[in-house]
Amino acid sequence: MARRGSYAKGVAKREEILERALDVIAREGFRRTSVKDLAEAVGLSQAGLLHYFGTKERLFTEILRKRDELDNAAIGPTPDAGMDADDLRERWVGVIRHNQQVPGLVHLFAAMSVDAADAEHPAHEYFTERNARLREALTDVMRDRLDPRIDPETASRLLQAVSDGLQLQWMLEPDLDMAATTTALLDLIVPPMEEPT
């Protein structure tokens, strides 16, 4: 029984670390936040913090997973089979609007995605699985409303590429309206339903 209680406390502490890390990075920025800062935010030493994750890279990967989980709970799930193209538009653009409120997390995502191109990086699997899952879901949702000249998987890749690329541009040009730009792309590849007259 003591072992089970200890495990539950460990899981709870890990969740506390991830949720607190999201707040700190969103507020302070990814580059200005050290493992020491995150450890202090939850009352641990650096070694104590890394005990829960193993390495700094695994910690940051888990922070991204937690971000996805919380975004899905707050904004709605990632595209799925029960969603139509209008739902997709609303949720996809909603996530982008939300991201503009948390620049530190956008920076973390962008930096980790570059590092994760190395197959040995702890975040490699997270990014490859996330991208494949999103593409599959986007393809299913957009299939019926796409311009027939565009293959659904190509459209999914375009939407992902534009969204990720806009984040990089936005970090350099904070006045860029990522949501409006993404909406313009969606208008081209998945036109909104026309209102009945």
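Here the structure is a predicted model, which is why all the values come from computation and not from measurement.

Caption draft 1: Structural detail: the pattern of salt bridges. Under the criterion given, the structure shown has 14 salt bridges. Close ionic contact of E19 with K66 constitutes a salt bridge, the shortest N to O distance being 3.7 Å. Of this pair, E19 sits in helix α1 (residues 2–28) while K66 is found in helix α4 (residues 56–75), placing the two residues 47 residues apart along the sequence. On the basis of relative accessibility, which here comes to 38%, the residue E19 falls in the partly exposed class. For R130, the salt bridge identified is with D68, shortest N-O distance 3.0 Å. A residue pair is termed long-range when its members are at least 10 positions apart, and R130 in helix α7 (residues 124–142) and D68 in helix α4 qualify at 62 residues. A single salt-bridge network, built from bridges that share partners, covers E15, E19, K66 and E69.

Caption draft 2: Region of the structure containing the environment of L38. With respect to the helices, strands and loops of the structure, L38 is situated in helix α2 (residues 35–41). A residue is classified by how much of its surface remains accessible, and L38, at 3% relative accessible area, is buried. Excluding residues within four positions of it along the chain, L38 makes contact with A21, V24, I25, T33, L49, L59, F60 and I63.

Caption draft 3: Seen up close, the side chain of T139. Turning to its location among the elements, T139 is positioned in helix α7. What T139 contacts, discounting residues up to four positions off in sequence, is P152, E153 and S156.

Caption draft 4: Examining the environment of Q46 more closely. Its place among the elements puts Q46 in helix α3 (residues 46–51). What Q46 contacts, discounting residues up to four positions off in sequence, is V35, K36 and A39.

Caption draft 5: Layout of a negative patch on the surface. On the surface, E57, D115, D118 and E120 cluster together to form a negatively charged patch. Along the chain, the position of D118 falls in the loop between α6 (103–115) and α7.

Caption draft 6: Expanded view of the nonpolar core. In this structure, I25, L38, L49, F60, I63, L108 and F127 are the most contacted members of the largest nonpolar core, which totals 27 residues. Secondary-structure elements contributing two or more residues to this core are α1, α2, α4, α6 and α7. Here this core takes six residues from α1, the largest share from any one element. With residues near it in sequence (within four places) discarded, L49 still touches I17, V35, L38, A39, V42, L44 and L59.

The rules behind each value
- Residues numbered from 1 in each chain as written.
- Predicted model: local features only at pLDDT ≥ 70, side-chain atom pairs only at ≥ 80, totals over all residues.
- Heavy atoms only, no water.
- Salt bridge = Lys/Arg side-chain N within 4 Å of Asp/Glu carboxyl O.
- Helix = DSSP H or I, 4+ residues; strand = E, 2+ residues; numbered from the N terminus.
- Buried < 20%, exposed > 50% of the residue type's maximum accessible area, 1.4 Å probe, protein only.
- Contact = heavy atoms within 4.5 Å.
- Patch = residues over 30% accessible without salt bridge, like charges linked within 9 Å, V, L, I, M, F, W, Y side chains within 5 Å.
- Areas by Shrake-Rupley, 256 points an atom, 1.4 Å probe, with all protein chains shown as cover.
- Lys, Arg positive; Asp, Glu negative; His and termini not counted.
- Charge placed at Lys NZ, Arg CZ, Asp CG, Glu CD.
- Core = buried A, V, L, I, M, F, W, Y, C linked by side-chain atoms within 4.5 Å.

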